[in-house]
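Listed below are the residues making up each chain.
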Amino acid sequence: MPHSYCGIADEFHVDMHLNTEMDLPSNRDTLLHYFEQLQKQFPSMRNFYNRDRSDYVLEGDKDGGAYSWASVEPRRIGSGHVNPTCLDTVFGHQRIVLQSVPHLLLVSPLDCESLTVTFCFEFNYAGNHHDLLAEAIGVSPGFEGLTSGLGASRLVAFEPSFQIALSDDCRTQARVHIETRTTAYHVRTGEFPDRQLSVCLTVLSYGSLQSEESYVTRFDELVAHGTEILDKQLLEHVLLPLQHAIGIK
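Per chain, the residues get numbers from 1 upward, laid out in the order the sequence is written. Local features in a predicted model are, by the rule used here, given only for residues with pLDDT of at least 70; side-chain atom pairs are given and counted only at 80 or more, and totals for whole chains, interfaces and linings are based on all residues. Hydrogens and waters are ignored; side-chain quantities use all the structure's heavy atoms.

Regarding the sheet that holds strand β7 (residues 161-165)
The pairing of strands in a sheet comes from backbone hydrogen bonds and takes either a parallel or an antiparallel form.
Part 1 of the reasoning: By definition, two strands form a pair when at least two bridges between them are found by DSSP. By the criteria applied, helices consist of DSSP H or I runs no shorter than four residues and strands consist of E runs no shorter than two, each listed in order from the N terminus. Judged by pairing direction, the sheet is antiparallel, and its nine strands sit side by side in the order β2-β3-β4-β5-β1-β6-β9-β8-β7 without closing on themselves. In the strand order of this sheet, the two ends are held by β2 (45-51) and β7, each with one partner. Adjacent strand axes in the sheet meet at a mean angle of 15 degrees when their direction is disregarded.
Part 2 of the reasoning: In this sheet, strand β3 (residues 55-60) lies alongside β2 in antiparallel orientation, the contact comprising six bridges. The residue bridging arginine 51 from the neighbouring strand is aspartate 55, located in β3.
Part 3 of the reasoning: Contacting β1 (11-19), β6 (114-125), β8 (172-179) and β9 (195-206), helix α6 (residues 215-247) crosses the sheet at an angle of about 20 degrees to β6. Angles shown run from 0 to 180 degrees and are taken between the N-to-C directions of axes, each axis being a line fitted to C-alpha atoms and, for helices, limited to the stretch in contact. Residue contacts follow a heavy-atom distance rule, with two residues in contact if any of their heavy atoms lie within 4.5 Å.

Given below as C-alpha cells:
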C-alpha cells in the first residue's frame, strides 16, 4: 500500500489530467451522461457547475476539507482529490475516470497529447518563505556566497525546480517545482502574511498510446514513478525538513 502522505503538509492533493489533441464532445447529453456515470460510482460528488463557460466540474462538499472532483474542459479531462486519507482510493477513482473516457467521451488512444499526475503539498507559513526554504533544504554550494557574503543581501526569490527524463525517448518526465508566495514588498516591510508554500511533483507522459497500452496502464506507470520519487527523495530531503523547520518557528 502506498504511503498516504497525510499530515506532512497543511493540505495535500493529487490531480490527474488527460490532455487531448482534438476537442472533446461539448453537447449537453454526452457531458451529462459522463458526469452521471461518475456520480453513480462516487455519490459524494454531487455539486455540478459550469466554470468559465466551457469547463464543467463535478465535486464533493468542501466543508470537511477533504473532497474529490472531476472536470471536462475543451481539450482536458481532470480528476483530483484534496486531503485524501488513502492513496489507493485516489488512484482507484482516477483509474475509473480513465477507463470511462474512451467510450463516454470518445477519446481514442491516438488522441493523447499528454497524461499527467501531480502530487502537491501546501505548507501554511507566516514568514519569509525564501529564508524558510533555504534553511530547510539548503542552497547549492555554488550560490551560498550570494546569501551570506554580500553584506545586506536578502533572499527575495528562491524557488528551486528541476525536470528530468524518465525514459530514453524523453517522452516520460518528472518535474519538481517549489512555489513561494513571499514578495519583495513583504521582505522590505517585514510584514509576512500567512500564505501557502507549495511543493509539487508532476510526472507526465507525452504522445499517443502504444498498441499494448491503455490509459490505465500509462497512469499506473506514472504513479509508480511519482511515488518512487516521493519516497526516495522528496519525503526525506524536502517535505519533512520543511515540516520540521515550520514546526520549530
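Once the structure has been displayed, the description carries forward.
Considerations on the state of the cysteines
Working definition of a disulfide: a covalent bond connecting the sulfur atoms of two cysteines.
Part 1 of the reasoning: Any cysteine sulfur atom paired with another within 2.5 Å is treated as part of a disulfide. Tallying each qualifying case throughout the model produces one disulfide.
Part 2 of the reasoning: Disulfide pairing is shown between cysteine 120 and cysteine 200; the S-S distance is 2.3 Å. Here cysteine 200 lies in strand β9 and cysteine 120 lies in strand β6, a separation of 80 residues in the sequence. Cysteine 200 matches cysteine 120 in its accessibility class, with the two residues each being buried.
Part 3 of the reasoning: Cysteine cysteine 112 shares no disulfide, and the gap to the nearest cysteine sulfur, in cysteine 170, comes to 17 Å.
Part 4 of the reasoning: Any residue under 20% of the maximum accessible area for its type is buried, any over 50% is exposed, and the rest in between are partly exposed; the area is computed with a 1.4 Å probe on protein chains only. Judged by relative accessible area, which is 40%, cysteine 170 ranks as partly exposed.

Considering the pairing of β7
Part 1 of the reasoning: Inspection of the sheet shows β7 paired to β8 by five bridges, in the antiparallel sense. Within β8, the residue paired with glutamine 163 across the bridge is arginine 175.
Part 2 of the reasoning: Hairpin geometry of β7 and β8 is characterised by an intervening segment of six residues between the two adjacent antiparallel strands and by a positive phi of about 65 degrees at cysteine 170.

A few points about the pattern of salt bridges
Part 1 of the reasoning: What counts as a salt bridge is simple: a side-chain nitrogen of Lys or Arg found within 4 Å of a carboxyl oxygen of Asp or Glu. On inspection of all chains with the given rule, the structure shows nine salt bridges.
Part 2 of the reasoning: Close ionic contact of arginine 75 with aspartate 23 constitutes a salt bridge, the shortest N to O distance being 2.8 Å. Highlighted residues: arginine 75 in the loop between β4 (67-73) and β5 (76-82) and aspartate 23 in the loop between β1 and α1 (28-41), separated in sequence by 52 residues.
Part 3 of the reasoning: Residue classification places arginine 75 among the partly exposed positions, given a relative accessible area of 44%.
Part 4 of the reasoning: Residue arginine 76 pairs with glutamate 73 through a salt bridge whose shortest N-O separation is 3.1 Å.

Overview of the environment of glycine 127
Part 1 of the reasoning: The topology assignment puts glycine 127 in the loop between β6 and α3 (129-137).
Part 2 of the reasoning: For glycine 127, a relative accessible area of 7% gives the class buried.
Part 3 of the reasoning: Once you skip the residues sitting within four places of it in the chain, glycine 127 turns out to touch Thr182, Phe192 and Pro193.

Some thoughts on the packing of aromatic side chains
Part 1 of the reasoning: Aromatic rings from Phe, Tyr and Trp, taking only the six-membered ring of Trp, are treated as a pair when their centres fall within 6.5 Å; an angle between ring planes under 30 degrees marks them as stacked, one over 60 as edge-to-face, and anything in between as tilted. The full count for this structure, using the stated rule, is eight aromatic pairs.
Part 2 of the reasoning: Here the aromatic rings of tyrosine 5 and phenylalanine 121 are separated by 6.1 Å at their centres, their planes lie at 85 degrees, and the arrangement is edge-to-face. You can see tyrosine 5 sitting in the segment before β1 and its partner phenylalanine 121 sitting in strand β6, a full 116 residues away along the chain.
Part 3 of the reasoning: Note on tyrosine 5: relative accessible area 0%, which makes it buried.
Part 4 of the reasoning: Phenylalanine 121 gets classed as buried once you look at its relative accessible area, which sits at 1%.
Part 5 of the reasoning: Taken together, the ring pairs in this structure connect Tyr34, Phe35, Phe48 and Tyr56 into an aromatic cluster.

Some remarks on the packing of α1 against helix α2 (residues 87-104)
Part 1 of the reasoning: In contact at an axis separation of 11 Å, α1 and α2 are set at 150 degrees when each is read in the N-to-C sense. Relative to α2, the element α1 is oriented roughly antiparallel. Relative to α2, α1 is oriented so that their crossing is right-handed. Residues Thr30, His33, Tyr34, Gln37, Leu38 and Gln41 of α1 lie in contact with α2, whose contacting residues are Ile96, Val97, Ser100, Val101 and Leu104.
Part 2 of the reasoning: Classifying every residue of the contact of α1 with α2 by side-chain character gives six nonpolar, five polar and no charged. The cut-offs work like this: below 35 degrees is roughly parallel, past 145 is roughly antiparallel, 65 to 115 is roughly perpendicular, and the gaps in between are oblique. By definition, turning the near helix anticlockwise from the far helix through less than a right angle yields a left-handed crossing, and turning it clockwise yields a right-handed one. Residue polarity is assigned by list, with Asp, Glu, Lys and Arg as charged and Ala, Val, Leu, Ile, Met, Phe, Trp, Tyr, Cys and Pro as nonpolar; anything else, Gly included, falls into the polar class.

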